[in-house]
Every structure is written in structure tokens, then in C-alpha cells.
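# Observations on the model geometry
Here's the letter readout for the chains.
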Amino acid sequence: IAYLLVVGGICAAVLATPEPGMEELRAVIRATAFTSALPFLAAFAASPLHRLRPSGTTRWLMANRRYLGLSVASSHLWHLVAIVTFVVQSAAFRANVQVTTIVFGGIGFVLLGLMAATSNDASQRLLGRGWGMLHTVGLYVLWLDFVFTYMGTATVSPFHAVMTLAFAAAFTLRMLAWSARRAAVRA
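Below is a summary of the structure that appears in this document. If you're wondering where the values come from, they're calculated on a predicted model, not measured in any experiment.

Quick notes on the rules
- Residues numbered from 1 in each chain as written.
- Predicted model: local features only at pLDDT ≥ 70, side-chain atom pairs only at ≥ 80, totals over all residues.
- Heavy atoms only, no water.
- Core = buried A, V, L, I, M, F, W, Y, C linked by side-chain atoms within 4.5 Å.
- Buried < 20%, exposed > 50% of the residue type's maximum accessible area, 1.4 Å probe, protein only.
- Helix = DSSP H or I, 4+ residues; strand = E, 2+ residues; numbered from the N terminus.
- Contact = heavy atoms within 4.5 Å.
- Expected span 1.5 Å × (residues − 1).
- Arc of directions from axis to C-beta.
- Phe/Tyr/Trp six-rings, centres within 6.5 Å; stacked < 30°, edge-to-face > 60°.

### Observations concerning the nonpolar core
The tendency in soluble globular proteins is for nonpolar side chains to be buried as a group. Formed by 21 residues in total, the largest nonpolar core has its most connected members in Phe-40, Tyr-150 and Phe-167. Per element, the largest residue contribution to this core is eight residues, and it comes from helix H8 (residues 129-151). Among all residues touching Phe-167, those that are not within four sequence positions of it are Ala-37, Phe-40, Leu-41, Trp-143, Phe-146, Val-147 and Tyr-150. One finds Val-7, Leu-25, Val-28 and Ile-29 within the second-largest nonpolar core, a separate group that totals seven residues.

### Quick look at the environment of Val-99
Position of Val-99 relative to the elements: it lies in helix H6 (residues 99-117). Put simply, Val-99 and Gly-69 are 30 residues apart on the chain and 27 Å apart in space, counted from C-alpha to C-alpha.

### Examining helix H1 (residues 2-15)
Because each turn of an α-helix spans 3.6 residues, side chains separated by three or four positions end up pointing in the same direction. Between the first and last C-alpha of H1 there are 20 Å, a value that for 14 residues agrees with the 20 Å anticipated at 1.5 Å per step. Buried within H1 we find Val-7, Gly-8 and Cys-11. Buried residues of H1, seen end-on, are gathered within an arc of 105° and therefore sit on one face of the element. Residues of H1 that are exposed and angled more than 90 degrees away from the buried face: Ala-2, Leu-5 and Ala-13. Against helix H2 (22-52) and helix H4 (65-89) lie the buried residues of H1.

### What about the packing of aromatic side chains?
Applying the stated rule across the entire model yields 12 aromatic pairs. On the basis of an interplanar angle of 40° and a centroid distance of 5.2 Å, the ring pair of Phe-40 and Phe-146 is categorised as tilted. A residue pair is termed long-range when its members are at least 10 positions apart, and Phe-40 in helix H2 and Phe-146 in helix H8 qualify at 106 residues. By relative accessible area, Phe-40 is classed as buried at 3%. According to the relative accessible area criterion, Phe-146 is buried, its value standing at 6%. Summarising the aromatic geometry, the rings of Phe-40 and Phe-167 are spaced 6.0 Å apart at their centres and angled 25° between planes, so their arrangement reads as stacked. With Phe-40 in helix H2 and Phe-167 in helix H9 (residues 158-186), this residue pair connects regions lying 127 residues apart in the sequence. Using a relative accessible area of 0% as the deciding quantity, one classes Phe-167 as buried. Members of the aromatic cluster, each reached through a chain of ring pairs, are Phe-34, Phe-40, Phe-44, Tyr-140, Trp-143, Phe-146, Tyr-150, Phe-159, Phe-167 and Phe-171.

Remember that the coordinates give geometry; whether it matters functionally is a separate question.
Dropping the structure here:
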């Protein structure tokens, strides 16, 4: 709840102009994408970092993955509100939006909502392996959503280039940890 309020405060601060308009909504969309990306990257990298270099920090990340994920969901709730508001107010955007953006982004929001709703011990017990599948598929769909969002303008935005590299590095960590686990099983 704290992260929901913090990100809500950031959104309110961005919109606290005498006449907030489309530019302020775009700024909220960018800000909430970033406030979602940070805890997502921490949750996405927690397990591979702990497998490759266990430490107090990686133990903390592992112990708090659920809360990091819920922070992503909280921030992305504000992101969704800003996107819907933008779409409703922008006929030009509605006319030019790609169906793949709506479908793939929509799937990401649905999966994130399901992951947030099932981020508790009772759901994990009830869903069993289905819980793991939901959270694994959801994690990678969200990773792809972030990558495609940032990669789309990485050539013109140094910030987006850095974020694209951060998401690529997090994926690389997951692949290195997966490889190390396979090598350990074979040994």
C-alpha cells in the first residue's frame, strides 16, 4: 500500500499544474513505467543473483520478491489509469494505436493482476503447479512488455537505451543461473 501511495503522490505532483493536459498524462505514463520497472527488475533478478552470488542483499531480495511484485502491480495500476485516461482523451492516439500493442499490453496487465491477486500463501497452496506456471509466464510476458516498450525508442532516448540494457542484463543473469543449475545437476 505504501508504494501505491508513493506512486500516486508522484502522479499527483506531475498533474499538479493549473491545466493538466496530454503532456502531463504522457509524463505520468513515463514515470509510472519507471516506478514499475525498478521493482520488477529487482524481483526478476532476485533468484538468479542469489543463485550466482548469494549474499545478505540477495537473501533480502528473495525474501521480499512478493512485495516487490506487489509494488509493480501498485505502480502499474496508476500506469493503467493514466493510459486509459490518455486513450479516452486522445482521438489521434486511438486512430493510430496498433492492435498488437493493445493485445500484448492488455495480456500483460491481466497477468499482472492475476499474479497480484494470487501473491499469497493460500493461493499458492490452492493453485499448486498452476501458481508457478502463472507467475513464470506472467514474469516473462511482463519482461517482454518492458523490453519492447523501452527498446522501441532506445535509439533516440539514452534513458530508454539504458533501461533496455538493464532488462537485457537481467535476462542474461537468469540464463547464466539456469546454465549453472543445469551444470550442477549434470555434475
